[in-house]
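Coordinates in review
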Protein chains: 2
Amino acid sequence: MGPVVAVVGGGQLARMMAEPAGALQIRLQALVEAADGATAQVVPDARVGAAADAAAVADIARGADVLTFEHEHVPAEVLAALVADGVNLQPGPDVLRHAQDKIVMRHRMTELGVPCPRWVAAASVADIEAFGDEVGWPIVAKTPVGGYDGKGVKVLTGADEASVADVLPWFEHPRGEVLLEERVGFRRELAVLVGRRPSGEIRSWPVVETVQSEGVCAEVMAPAPDLPAHLAEDAVDVAEAIAEGLGVTGVLAVEMFEAADGVILVNELAMRPHNSGHFTIEGSVTSQFEQHLRAVLDLPLGATDLTAPVAVMVNVLGSELEDPSSAYATLMESYPEAKVHLYGKSVRPGRKLGHITVTGTDLPTVRRRAQEAAALLGGRQR
Amino acid sequence: MGPVVAVVGGGQLARMMAEPAGALQIRLQALVEAADGATAQVVPDARVGAAADAAAVADIARGADVLTFEHEHVPAEVLAALVADGVNLQPGPDVLRHAQDKIVMRHRMTELGVPCPRWVAAASVADIEAFGDEVGWPIVAKTPVGGYDGKGVKVLTGADEASVADVLPWFEHPRGEVLLEERVGFRRELAVLVGRRPSGEIRSWPVVETVQSEGVCAEVMAPAPDLPAHLAEDAVDVAEAIAEGLGVTGVLAVEMFEAADGVILVNELAMRPHNSGHFTIEGSVTSQFEQHLRAVLDLPLGATDLTAPVAVMVNVLGSELEDPSSAYATLMESYPEAKVHLYGKSVRPGRKLGHITVTGTDLPTVRRRAQEAAALLGGRQR
């Protein structure tokens, strides 16, 4: 009774899909890494298995209307086998590989005429040296496959042995190439979240500003403050052009740089709910998690209007507390308007343990209060 | 890691507690009627058992910080045994009995000076005749224990055998008495939801108007339209006085009549999340389900401000469709702003299958659109 969605992944993203799934009477079948992980704690039908295990993925797909993902780590051959078996994958393998391989992504962005930093696929240290000399040092090196949250990204100041030491192992991946990008001098980082369904309907949320800390999303402000209307329009146009150009289904997150000269450059893509969209749970009529489920089921999309003039999300990255929820009494006493989200994870340094969202009207106040509330969960009284 | 809440009941109310429980990293241990029921579909730790089975209730209480309820049907002797075993019950048995027994409730309301319809506890047909002759026919008869959603309520036009036939069996309950109330000529029905925690903190949501259909909640408008400020204040004062007078913990719903002469009279009490508060999921900063969990855990309460000028909730009571979710495509296409909630129940005539909430600024528009969207889930195109 009601739709069934299979999801690969047992982290906080699949966990947060469970809320709208319950409201919409959608049954989730989740393939999770651990029986007591973030997703398994809240999804009755969570089965332990590896995303690279074709049989395990096929098992959760059985009886589901669609199979979708909370991460990009399902190997191409597993995806191909599912398609051959007639499983409805959303997004499909040909689309997903643009989120799995950053070099494939850059090639396609260039074909689509999407503004990007200058880039090259380097096959050798000589290529690194040539690119750095061409665009100017420092440059940014990225492993094309498997990087996340700042992992697999290095800033290179030169092509000497010491500088490139960390990058050399990346050449050993079957891909054989490393992505090099110019280091863009940007004013700030922006993101656009888009929902798109197979039949083509598309809806975007307003552009947000993201604040990164050591390559990890730390804060999101919605909408992006003081963004000139023409830049906001450009950013949404670019994101929707990517969604349509690639044929994305589900939620697409496009991370962007607002360059010093008022130009928008595309940085990264993710084809799933994304940290930059967590604010939508309270800050929008339709959350990114609900929209992703609707989109992959090819149901009409929900309204993406904001529910308040301002929403700020602040991540809880690591904690000095053994159990962040031990701060609830203090937090809730002082911040009755703060919406607390913890993911049921054990504490490790820098780990994404949860987030706080506050909505309101005055950005400085809302931001300060969200930061203070998040700091309490982190055991760092501000 | 994080608080653990045991809840008795496997219907839509415990189901909807699962959403904020997930966000707040609260583990639920639910005692449910059926392994595939509304709650068990979304709560991993749902155990099948009867609310009257002392061992089953004790089992879910084990390891929990608190035991609470989604209904009033746990027998007094089971509650007493739990208290004797040191289980933290919220609300406690002495409080809960005011929601379990309407005659106990009326006695206590009268002691507290709360405005009520005139009432009497009748022990015989002679008592019925005397009360009807005193206050004027028709009168309302209620079974003091076990009634819900219009069940256990009869309008009596006289004390003759045919009129009282349905009421006679109620005298056979160990209680031995039937509650009689004058039939109040009211303008409309109102409700006030209050959250209160053991340490005494109290927060109310704005007064709502409820529309009943054959004794069942059909619609809720928040805030109650065109309610004079002094009446709104009276209504909240009465509800908070009851919460404090009884020592309620968790969410208290107070259903009221706005009498023709602008007087507020208390009709019914429920000590748990209530149908009149479903609008709070989207319509308030803190939902009644989150507030109930915070309150029974004695955590500081969340803000109860509304998120929009107007919120309307419309119930889906029965459906012409075998599977109401089969209307999603039509509904979502035309009502992208509607928030859909289905409870995972099979269809039966008049059964509460789900609800729709719409928020906005213009009450007639919001109400019409919520009604239309709910009608689609009911298979009744409007």
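How each quantity is defined
Residues numbered from 1 in each chain as written. Chains lettered and ligands numbered in written order. Predicted model: local features only at pLDDT ≥ 70, side-chain atom pairs only at ≥ 80, totals over all residues. Heavy atoms only, no water. UniProt positions renumbered as here; feature names shortened; annotations may be inferred. Pairing = 2+ DSSP bridges. Helix = DSSP H or I, 4+ residues; strand = E, 2+ residues; numbered from the N terminus. Axes fitted to C-alpha atoms, helices over the stretch in contact; angles between N-to-C directions. Parallel < 35°, antiparallel > 145°, perpendicular 65-115°, else oblique. Contact = heavy atoms within 4.5 Å. Nonpolar A, V, L, I, M, F, W, Y, C, P; charged D, E, K, R; others polar. Salt bridge = Lys/Arg side-chain N within 4 Å of Asp/Glu carboxyl O. Buried < 20%, exposed > 50% of the residue type's maximum accessible area, 1.4 Å probe, protein only. Polar contact = N/O pair within 3.5 Å; in protein donor to acceptor, adjacent residues only side chain to side chain. Buried area = accessible area lost by both parts, 1.4 Å probe. Least-squares fit on C-alpha atoms with pLDDT ≥ 70 in both. Domains from an automatic or database assignment. Patch = residues over 30% accessible without salt bridge, like charges linked within 9 Å, V, L, I, M, F, W, Y side chains within 5 Å. Areas by Shrake-Rupley, 256 points an atom, 1.4 Å probe, with all protein chains shown as cover. Lys, Arg positive; Asp, Glu negative; His and termini not counted. Charge placed at Lys NZ, Arg CZ, Asp CG, Glu CD.

- The name an unreviewed UniProt entry gives chain A is N5-carboxyaminoimidazole ribonucleotide synthase, with Ruania alba as the organism.
- UniProt annotates chain A under Pathway (unreviewed entry) with the comment "Purine metabolism; IMP biosynthesis via de novo pathway; 5-amino-1-(5-phospho-D-ribosyl)imidazole-4-carboxylate from 5-amino-1-(5-phospho-D-ribosyl)imidazole (N5-CAIR route): step 1/2."
- Comment text from UniProt for chain A, heading Subunit (unreviewed entry), reads "Homodimer."

1. Section: the sheet that holds strand S3 (residues 46–48) of chain B
All names here are of chain B.
- The four strands are arranged S3-S2-S1-S4 in an open sheet whose pairing can be described as parallel. Since the sheet does not close on itself, it has two edges, and those belong to S3 and strand S4 (66–69), each with one partner. Here the strands of the sheet are splayed against their neighbours by 20° on average, with no regard to which way each runs.
- Inspection of the sheet shows strand S1 (residues 4–8) paired to S4 by four bridges, in the parallel sense. Looking at the pairing, Val-7 lines up with Thr-68 of S4.

2. Side note on the packing of helix H5 (residues 102–112) of chain A against helix H8 (residues 229–246) of chain A
Residues and elements named next belong to chain A.
- For the pair H5 and H8, the least separation of the axes is 11 Å and the interaxial angle reads 105°. The pairing of H5 with H8 is recorded here as roughly perpendicular in orientation. Across the interface between the two elements, Arg-108, Met-109 and Leu-112 of H5 pack against Ile-242, Gly-245 and Leu-246 of H8.
- Among the residues making up the contact of H5 with H8, the classes are represented as four nonpolar, one polar and one charged.

3. A short note on the pattern of salt bridges
- Taken as a whole and assessed by the stated rule, the structure comprises 52 salt bridges over all chains.
- Note that A:Arg47 is salt-bridged to A:Asp45, the shortest N-O span being 2.9 Å.
- A:Arg47 sits in the partly exposed class, given a relative accessible area of 24%.
- Of the residues examined, A:Asp45 reaches a relative accessible area of 27% and is grouped as partly exposed.
- Linking A:Arg197 and B:Glu333 is a salt bridge whose minimum nitrogen-to-oxygen distance equals 4.0 Å.

4. Digging into the UniProt feature "binding site: ATP" (unreviewed entry) in chain A
Residues and elements named next belong to chain A.
- UniProt's entry tags Lys-102, Lys-142, Glu-181, Glu-182, Arg-183, Val-184, Glu-189, Asn-267 and Glu-268 with the feature "binding site: ATP" (unreviewed entry), counted in the numbering of this structure.
- With respect to the helices and strands, the residue Val-184 is situated in the loop between strand S8 (178–182) and strand S9 (186–196).
- Here Val-184 is in contact with Pro-117, Phe-257, Ala-259 and Leu-265, once residues within four sequence places are set aside.
- The topology assignment puts Glu-268 in strand S14 (residues 264–270).
- Beyond its immediate chain neighbours, meaning those up to four positions away, Glu-268 contacts Lys-102, Met-105, Lys-142, Ala-253, Val-254 and Glu-255.
- At a separation of 3.0 Å, a polar atom in the side chain of Glu-268 contacts the side chain of Lys-102.

5. Brief notes about the interface of chain A and chain B
- Taken together, the 43 residues of chain A in the interface contact 43 residues of chain B.
- Taking both sides of the interface into account, the surface hidden between chain A and chain B amounts to around 3,500 Å²; carbon and sulfur atoms contribute 55%.
- Considering only the side of chain A, the residues that lose the most area to chain B are A:Met1, A:Gln25 and A:Met332, jointly responsible for 16% of the buried surface there.
- Between chain A and chain B we count four salt bridges in total.
- Summed over the shared surface of chain A and chain B, the number is 16 residue pairs in polar contact (both at pLDDT 80 or more).
- Secondary-structure elements contributing two or more residues to the side of chain A that touches chain B are helix H1 (12–23), helix H10 (288–296), helix H11 (328–334) and strand S16 (339–342) of chain A.
- Of the residues that constitute the side of chain A that touches chain B, the class distribution is 20 nonpolar, 11 polar and 12 charged.

6. Notes on the relation of the copies chain A and chain B
- Between chain A and chain B, the superposition needs a rotation of 180° and an axial shift of 0.0 Å, giving an RMSD of 0.0 Å. The superposition operator between the copies reduces to a two-fold rotation axis. The C-alpha atom lying nearest the rotation axis in chain A is that of A:Pro44; the distance is 2.1 Å.
- Both copies share a contact surface, since 100% of the interface residues of chain A are interface residues in chain B too.

7. Notes on unusual backbone geometry
All names here are of chain A.
- That bond from Ala-222 to Pro-223 is cis: its omega, -15°, falls within 30 degrees of zero.
- For Pro-223, the location among the structural elements is in the loop between strand S12 (216–222) and H8.
- Phi at Asp-226 takes a positive value of approximately 55°, unusual for a residue other than glycine.
- By relative accessible area, Asp-226 is classed as exposed at 77%.

8. Side note on the sheet that holds strand S3 (residues 46–48) of chain A
Residues and elements named next belong to chain A.
- Strands sit in the order S3-S2-S1-S4 across an open sheet of four strands; the sheet is parallel. The two strands at the open ends of the sheet, each matched to only one other strand, are S3 and strand S4 (66–69). Each neighbouring strand pair of the sheet contributes to a mean axis angle of 20°, computed without reference to strand direction.
- For strand S1 (residues 4–8) and strand S2 (residues 27–32), the ladder comprises five bridges, and the chain directions are parallel. Residue pairing for S2: Ala-6 is matched across the bridge by Gln-29.

9. Description of the domain arrangement of chain A
- As assigned here, chain A comprises domain 1 (4–89), domain 2 (118–182) and domain 3 (186–378).
- Taking only C-alpha atoms, the centre of domain 1 of chain A and the centre of domain 2 of chain A are 33 Å apart.

10. Considerations on H5(A)
- Listed as buried for H5(A) are A:Lys102, A:Ile103, A:Val104, A:Met105, A:Arg106 and A:Met109.
- Buried-residue contacts for H5(A) involve helix H4 (93–100), strand S5 (119–122), strand S6 (139–142), S8, H8 and S14 of chain A.

11. Here's the deal with a negative patch on the surface
Residue and element names in this part refer to chain A.
- Together, Glu-129, Asp-133, Asp-160 and Glu-161 give the surface a local cluster of negative charge.
- Assignment of secondary structure puts Glu-129 in helix H6 (residues 125–135).
- Taking relative accessible area as the criterion, Glu-129 reaches 42% and is therefore assigned partly exposed.

12. Thoughts on the side chain of A:Arg188
Residue and element names in this part refer to chain A.
- Inspection of the secondary structure assignment puts Arg-188 in strand S9.
- A relative accessible area of 9% means that Arg-188 is categorised as buried.
- Within the local environment of Arg-188, its side chain forms a polar contact with the side chain of Glu-209, the two groups lying 2.7 Å apart.
- A polar contact of 2.8 Å, which involves the side chain of Arg-188, links it to the backbone oxygen of Pro-225.
- Look past the residues within four positions of Arg-188 in its chain and what remains in contact with it is Glu-209, Ala-224, Pro-225, Asp-226, Leu-227, Met-256, Phe-257 and Glu-258.

13. A look at the packing of helix H4 (residues 93–100) of chain B against helix H5 (residues 102–112) of chain B
All names here are of chain B.
- Remark: H4 packs on H5, axes separated minimally by 6 Å, with the N-to-C direction vectors making an angle of 105°. Comparing their axes, H5 and H4 come out roughly perpendicular. Across the interface between the two elements, Arg-97, His-98 and Gln-100 from H4 touch Lys-102, Val-104, Met-105 and Arg-108 from H5.
- Partitioned by chemical class, the residues of the contact of H4 with H5 number two nonpolar, two polar and three charged.

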